[in-house]
Amino acid sequence: MSNQILHQLVNALVSGSIFALLALGYTMVYGIIKLINFAHGDIFMLGAFMGYFLFNNFNIAPYLTFIPSAEWRFYIALLVIIVVTMVVTAAVGMLIEFLAYRPIRNASRISALITAIGVSFFLEYGMVFLFGAQPRSYPEEALVVKPLQIGSMTFDFITNAEFIIFIVAIVLMFVLQYVVKQTKMGKAMRAVSVDSDAAQLMGINVNSTISFTFALGSALAGAAGVLIPLSQPSIEPLMGMVPGIKAFVAAVLGGIGIIPGATLGGFLIGGVETITVALGFSNFRDAIVYIVLILILLIRPAGILGKNVKEKV
């Protein structure tokens, strides 16, 4: 297999892992309270800016002089920045849920949708007001990006940054699966998603469970925001809009409300984009994704892993 084909495969996996992390936030929130949180892409943007701020002002790599390898100092600093960003974006997600979504939880679906769009615009143009609209780049001296090397072997078709993105994304997906399936809060999330009233009668704190769901989804989006500048050159306040919509398409494609479906949909959308670019239609890659959304809604509205369930009126 040629390096070019391998490189395209790597691109599909890297972009797919970013879309999957974002799609998981959409699908968890929808599974719990049937809300499409269109502000989720802007949490991704906040994560990118948080990573930029930490790289510029609190980068610990230069202080890890006891580690001889500059590359490993970069990896450790990046890990710390990811963790800090996940904590901050989780708090932001909980705050948004408490201030914007909780007061209208029992309102109509259209009210919740309009509120979500309003929160999205507030975050985007609040960042424009505070930091300006100009694109920003991570400092070159903070990033150690080169072809992946394992022992004496060098892999020219993948960089260490792309490898990090994929591995971190996979680890976070497994952690999420463990939280949902094995922890007490995960069981509460599943109970609330089935019947919130019955869950409350069983002693589950529904408000806390919903807040935790927002925190978990926002933390994943924040991690994706820190990772994305490793593969694309710059960040700006409106950068979350298009990836957010594509992640929503991924969630619908896989089956919104279903965690494995969001993961599958993310990697499929990443593959569709990569194939579109490889065929020379890079100007149409966004349009192709939206065409995929239209087709899935026409052919299988419940998504690949979803089941068609008729609602009682």
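One can find the structure itself at the top, above this paragraph.
Residues numbered from 1 in each chain as written. Predicted model: local features only at pLDDT ≥ 70, side-chain atom pairs only at ≥ 80, totals over all residues. Heavy atoms only, no water.

Engineer: What should I look at first to understand helix α2 (residues 40-57) in this one?
Structural biologist: Quick reminder: α-helices carry 3.6 residues per turn. Residues three or four places apart thus point the same way. Between its first and last C-alpha atoms α2 spans 26 Å; for 18 residues at 1.5 Å apiece the expected length is 26 Å, and the two agree. Burial analysis of α2 places 15 of its 18 residues in the buried class, the great majority of the element. (Helix = DSSP H or I, 4+ residues; strand = E, 2+ residues; numbered from the N terminus. Expected span 1.5 Å × (residues − 1). Buried < 20%, exposed > 50% of the residue type's maximum accessible area, 1.4 Å probe, protein only.)

Engineer: Looking at this structure, I do not really get the environment of Val289. What am I missing?
Structural biologist: Inspection of the secondary structure assignment puts Val289 in helix α11 (residues 285-299). Taking the relative accessible area as the measure of exposure, Val289 reaches 0% and is therefore buried. With 16 residues separating them in the primary sequence, Val289 and Glu273 have C-alpha atoms 7.3 Å apart.

Engineer: Would you take a moment to explain the environment of Ala133 for this structure?
Structural biologist: Summarising the element assignment, Ala133 is placed in the loop between α4 (109-131) and β1 (147-150). Remark: the alpha-carbon pair of Ala133 and Ile235, spanning 102 residues in sequence, is separated by 9.8 Å.

Engineer: Can you walk me through the nonpolar core in this structure?
Structural biologist: The biggest cluster of nonpolar side chains holds 88 residues, and the ones touching the most others in it are Phe44, Leu78, Tyr101, Leu176 and Ile269. For this core, the element with the highest residue contribution is helix α1 (residues 3-33), accounting for 14 residues. Residue contacts for Phe44: discarding those within four places in its chain leaves Ile18, Leu22, Ala221, Ala224, Gly225, Ile228, Met239, Gly240 and Pro243. (Core = buried A, V, L, I, M, F, W, Y, C linked by side-chain atoms within 4.5 Å. Contact = heavy atoms within 4.5 Å.)

Engineer: What should I look at first to understand helix α10 (residues 259-278) in this one?
Structural biologist: With 20 residues, α10 extends 29 Å from end C-alpha to end C-alpha; this agrees with the ideal 28 Å at 1.5 Å per step. Ile259, Gly261, Ala262, Thr263, Gly265, Gly266, Ile269, Gly270, Gly271, Glu273, Thr274 and Thr276 are the residues of α10 that are buried. Downstream of α10 by a residue or two, Gly280 has a phi angle that is positive, lying close to 90°.

Engineer: Where do I start with the pairing of β1 in this structure?
Structural biologist: Sheet faces and side chains relate simply in a regular strand, where the side chains alternate between the two faces. Looking at chain direction, β1 and strand β2 (residues 153-159) are connected through 4 bridges and run antiparallel. Its bridge partner lying in β2, Ile150 is registered against Met153. Here β1 folds back onto β2, and the loop between the two strands holds 2 residues, one of which, Gly151, carries a positive phi near 65°. (Pairing = 2+ DSSP bridges.)

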